[in-house]
Each structure stands twice: as C-alpha cells, then as structure tokens.
Amino acid sequence: MRGQIILSHGSDSGPDATKVSALAAFAETLGWQTHRPDYRDEDTLGYAGSIPPRIARLLATIDALDVAPILVGSSMGAFVSGLASLARPVAGLFLMAAPSDRIPGYANVFQVRAGVPTQLIHGWQDDVCVPEDALAFARRHRLPLMMLDDDHRLSVSLDRITEEFRLFLDHLAAAA
C-alpha cells in the first residue's frame, strides 16, 4: 500500500459520484487505499448547515488512519477538505471546482494549510463557483491551478483530471 486517500463528494451527490469514484478506482490500481465518506445526511442541512458536520465526519475519518492522508474533494468536498487541512496534518490536497471564498451563511472563508502540496482544478464554464474567484484564490496563495474548458461538474474533463491526479500522486510518492 502506498498511502491513504480520502475522497469527498460535493453537495447533492454521494460517495459513488462520477469523479470521486473514478479517481478512487484509479488510485487503487496504483496501490493506494481509498476512503469515501458519505455526506448525504449532512447535506440535508443545506449548504452552510452541512459544513460543520461534514468537517467533523472528515476529521473522524482522518483520525482513524495511521498516516496523514491525501484529501481529494469536489465542490463542497473541496471546501471541507481545505478547512480540514487546517485542523489535521495531510499529505496533499487535490481540489476540484472549489468554492474559493465564502459560502453564504457560513462564517469562515475557504482556506488550505500552507506548505501542503496542493493542486486546484477548475472549469472555465463553472457557473456555481466562478472561475475568477478560483484564479484569485490561486494567485493569493500561489497555488497551481489547472483551468479546463468545462463546467462545474467537470465531467467532460475526467480523463484529463485523472491524468493530472496521476502526476500529483507520482510527485507525492517521489517526495516521500
């Protein structure tokens, strides 16, 4: 086993969502162990209301592991992964379609732990989390950002995202 990866799905989705399922299956072929928490119960609380219990579930998943995991998240899953990285050591962050500032009704802004290898993926046509906010976040934190000609779901770009994920995992494995 190469390490642990926790993949967090977005709102109105589930642990069997297309991106997290595809990335989990791919990582497993490379020898990584994956975990996909199910946040559907938390999501019934609304966007802002789901954040604290989503973070609590993610932190509990991290705490059950014996090594710092890589966190992978899409949309709300990316948002809570970034915030969880502030509370626990993580080996890396692979974040897609992340809300890059505030979620209305939630007091904290999106952040990631400084110094953690991070890759951001975003769609130029994203009308949920606008590209300008993603660009500003990446610029402010000096993080790599891959912009793709896709929408919020990034479903057209799954092959490209998987390739970028492979490069990210290879980089982390080489650095370990």
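Asker: Help me out: how do you make sense of the pattern of salt bridges in this one?
Answerer: Side chains carrying opposite charge are able to pair once their charged atoms draw close together. Under the criterion given, the structure shown has 8 salt bridges. Notably, a salt bridge pairs Asp 170 with Arg 166, separated by 2.7 Å at the nearest N-O pair. Here Arg 166 and Asp 170 lie together in helix α6 (residues 158–175), a separation of 4 residues that amounts to about one turn. Overall, Arg 166 belongs to the partly exposed group, its relative accessible area being 27%.

Asker: How should I be thinking about helix α5 (residues 131–141) in this particular structure?
Answerer: An α-helical turn contains 3.6 residues, so a residue and the one three or four places further along point in the same direction. Burial in α5 covers these residues: Pro 131, Ala 134, Phe 137 and Ala 138. Within α5, the buried residues cover an arc of 125° as seen down the axis, which keeps them to one side. Those residues of α5 that are exposed and angled more than 90 degrees off the buried face are Glu 132, Arg 139 and Arg 140. Buried residues in α5 make contact with β5 (118–123) and β6 (145–148). Arg 142 occupies a position one or two residues after α5 and carries a positive phi of about 55°.

Asker: Even after reading the chapter, I still don't get the nonpolar core, so can you show me in this structure?
Answerer: Soluble, globular proteins show a tendency: their nonpolar side chains are buried together. Counting 29 residues, the largest nonpolar core has Ile 51, Leu 58, Ile 62, Leu 71, Phe 79 and Tyr 106 as the members making the most contacts within it. Mapped by element, the contributors of at least two residues to this core are α3 (47–63), α4 (76–87), β4 (92–96) and α5. In contact with Ile 62, other than residues within four places in its own chain, are Ile 6, Pro 69, Leu 71, Ala 84, Arg 88 and Val 90. Counting 22 residues, the second largest nonpolar core, distinct from the first, contains Ala 24, Ile 121, Leu 154 and Phe 168.

Asker: How do you make sense of the pairing of β5 when you look at a structure like this?
Answerer: Regular strands show a simple pattern: their side chains alternate between the two faces of the sheet. When you tally the buried positions in β5, you get 6 out of 6 residues, the bulk of the element. Here β5 shows two buried faces, one formed by Thr 118, Leu 120 and His 122 and the other by Gln 119, Ile 121 and Gly 123. With 4 bridges joining them, β5 and β6 adopt parallel strand pairing. From the neighbouring strand, Leu 120 faces β6, where its bridge partner is Leu 145.

Asker: Would you take a moment to explain the packing of aromatic side chains for this structure?
Answerer: Any aromatic ring pair is given by two values, namely how distant the centres are and how the planes are angled relative to each other. Evaluation of the coordinates by the stated rule reveals 5 aromatic pairs. Note on Phe 79 and Phe 110: the rings are 5.6 Å apart at their centroids and 25° apart in plane angle, and the pair reads as stacked. Taken together, the residues Phe 79 in helix α4 and Phe 110 in the loop between β4 and β5 connect sequence positions 31 residues apart. On the basis of relative accessibility, which here comes to 0%, the residue Phe 79 falls in the buried class. Residue Phe 110 is classed as buried on the basis of its relative accessible area of 1%. Aromatic pair Phe 94 and Phe 165: ring centres 4.9 Å apart, planes at 55°, arrangement tilted. On the criterion of sequence distance, the pair formed by Phe 94 in strand β4 and Phe 165 in helix α6 is long-range, its members being 71 residues apart.

Asker: I would appreciate a short explanation of α6 in the present structure.
Answerer: With 18 residues, α6 should cover 26 Å at 1.5 Å per step; its first-to-last C-alpha distance of 26 Å lies within 8% of that length. Buried residues along α6 sit against β1 (4–8), α1 (18–29), β3 (70–74), β4, β5 and β6.

Asker: Honestly, the environment of Ser 85 in this entry has me stumped. Any pointers?
Answerer: When you line up the elements, Ser 85 lands in helix α4. On the accessibility criterion, Ser 85 (0% relative accessible area) is buried. For the pair Ser 85 and Leu 148, spaced 63 residues apart in sequence, the C-alpha to C-alpha distance is 25 Å. Beyond its immediate sequence surroundings of up to four residues, Ser 85 is in contact with Leu 71, Val 90, Leu 93, Val 112 and Arg 113.

How each quantity is defined
Residues numbered from 1 in each chain as written. Predicted model: local features only at pLDDT ≥ 70, side-chain atom pairs only at ≥ 80, totals over all residues. Heavy atoms only, no water. Salt bridge = Lys/Arg side-chain N within 4 Å of Asp/Glu carboxyl O. Helix = DSSP H or I, 4+ residues; strand = E, 2+ residues; numbered from the N terminus. Buried < 20%, exposed > 50% of the residue type's maximum accessible area, 1.4 Å probe, protein only. Arc of directions from axis to C-beta. Contact = heavy atoms within 4.5 Å. Core = buried A, V, L, I, M, F, W, Y, C linked by side-chain atoms within 4.5 Å. Pairing = 2+ DSSP bridges. Phe/Tyr/Trp six-rings, centres within 6.5 Å; stacked < 30°, edge-to-face > 60°. Expected span 1.5 Å × (residues − 1).

Geometric descriptors of this kind do not, in isolation, establish any biological role.
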